[in-house]
Amino acid sequence: MIDADHANLLPCVKSIIGSIRGHETGRHHPSEPYRPLYARVYGRTDDELFGPVCHQNDAQSHMPVITASSTGTLDGVTQTGLTGGEDFMERRRLMQDSAKLAVGAAAAPVLMALTDAWQASTKPLPGATVSESMIDDWENAADVHHRNFIVDPPEVVLAALAIDFADMAPHLRRSQPLSVTRALNHVAARHAHWIAGGWFFMGARREATRWWARVRELADTSGDNEMAATARSWEVNCRISDPRENLVELLTLAEDACRAGGERPSMALVRAIATQAQVLALMGRDTDAVTMIRKAEAVFERMPSAHTWRAVREEGNLHFFRSFVYTLTQRHNQAAEAQEWGERQSIPGEYRIRQVRLHRAAAVARHEPEEGISQALRILEDHSDARQNPLVNGSARLVLTTLPDKARALPAAQELRALTAVST
């Protein structure tokens, strides 16, 4: 609380906003009368938030003064490592930076304060540091991130994801009741799933690998086998587009996804089986690939029908897998049917439409090389972001794999190869 003696010293709202902006951008460290306001917004005491300070007598204000040292640290402030107050401030910094990208620098501090206030108003579950409302809110946010991931640039999606994951991260390492731990791991796995994908789409292979490992860990400890299967399938679906990847390793991961998916019909199991079919098709094991994709179709047929946006999306995913496998295994009629359905059920503007069209170009290139290559080049040129999307690039490279040997030296083929080359 701010005592009565300091109430008359409170600055105006404009000054508060200016001070918050200066602090968040690292230009200065807050002093009185801002310190108690910051502490109140963040739900901490002065010492927890800023550390103990060295008091210097000021003839006019008698307020504590904190000075910056030449090393960039604050004289008189205890540095505690990534625990306690500094951990909290690091989390706030990340959330603020992400919020600035998502909504702009001016609104970020206010929105962060509102988020803190909303969380503080909810009652934690018994023995836990989070409330049921917080977990539900993060689950709902994961659905939003999923929708945005389909059409928005990865850096925009990552900025929004960073806010939520930074918010839940401190709770993940604290002791919680088992049911709360599983619920937290579940929602964290969903966020980490799209974070890994975002890094991958930005070409950050090392960061993506780190987050994929985190997704698997969180999914496995959540107790949700379908999520454990989905985590592995998504990883394989991304990595399969990189020609540097080891297909044997990816096949093992896809088989792990199938085992995690169990026997009960679910979209997680469908994706896992279809993902395994994709890897087999790339390995040239056509008979095995067709067997697996037909198994995925059979599992999908046993699932109860639904008419939600997610159900439509999942059916579109299955047709994408069918298009990929049947194109590479030269099942032309099945491939054409899958491509027609896949385009029809894709969301306008999403990258998956381009992938399906590139599958069609790959089928054409097998018998009409110049026409197939021309189609692929037009698809890449018609969309300014297509060549920056690794999954679209991977589909374009399929055109090169279906070319007859004599056609691979064509100037157009060399152009396509250069456009889709993986940067190192």
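Before reading on, note that the structure itself is shown above.
Here's what I pulled together on the structure shown here. Please read these numbers as outputs of a predicted model, since none were measured by experiment.

Concerning helix α8 (residues 154-172)
Its maximal kink placed at Ala166, α8 deviates by approximately 25°, while the proline Pro170 follows within four residues. The element α8 is extensively covered by neighbouring structure, given that 15 of its 19 residues are classed as buried.

A closer look at the pattern of salt bridges
A full pass over the atoms with the stated rule returns 17 salt bridges. One salt bridge in this structure joins Glu297 and Arg322, with 2.6 Å as the shortest N-O distance. In this pair, Glu297 sits in helix α14 (residues 286-301) while Arg322 sits in helix α15 (residues 309-328), placing the two residues 25 residues apart along the sequence. Of the residues examined, Glu297 reaches a relative accessible area of 18% and is grouped as buried. A salt bridge links Arg378 to Glu371, with the nearest nitrogen and oxygen atoms 3.8 Å apart. Residue Glu371 is classed as partly exposed on the basis of its relative accessible area, which comes to 32%. Members of the salt-bridge network, linked through shared partners, are Arg205, Arg216, Glu235, Arg239, Asp242, Arg244, Glu245 and Glu249.

Regarding the side chain of Arg232
Among the secondary structure elements, Arg232 is positioned in helix α11 (residues 225-239). Exposure remark for Arg232: the relative accessible area of 11% places this residue in the buried category. Those residues in contact with Arg232 that lie beyond four places of it in its chain are Arg216, Asp220, Leu253, Asp256 and Ala257.

Some points on the nonpolar core
By size, the foremost hydrophobic cluster in this structure holds 91 residues, and its most contacted members are Phe165, Trp234, Val399 and Leu416. The contact partners of Leu416, leaving out residues within four places of it in the chain, are Ile373, Ala376, Leu377, Leu380, Ala396, Val399 and Leu400.

Side note on the environment of Glu255
Examined against the element boundaries, Glu255 turns out to sit in helix α12 (residues 247-261). As a C-alpha pair, Glu255 and Thr275 span 20 residues in sequence and 9.0 Å in three-dimensional space.

Basis of the calculations
- Residues numbered from 1 in each chain as written.
- Predicted model: local features only at pLDDT ≥ 70, side-chain atom pairs only at ≥ 80, totals over all residues.
- Heavy atoms only, no water.
- Bend = angle between axes of the 7 residues up to and from the residue.
- Helix = DSSP H or I, 4+ residues; strand = E, 2+ residues; numbered from the N terminus.
- Buried < 20%, exposed > 50% of the residue type's maximum accessible area, 1.4 Å probe, protein only.
- Salt bridge = Lys/Arg side-chain N within 4 Å of Asp/Glu carboxyl O.
- Contact = heavy atoms within 4.5 Å.
- Core = buried A, V, L, I, M, F, W, Y, C linked by side-chain atoms within 4.5 Å.

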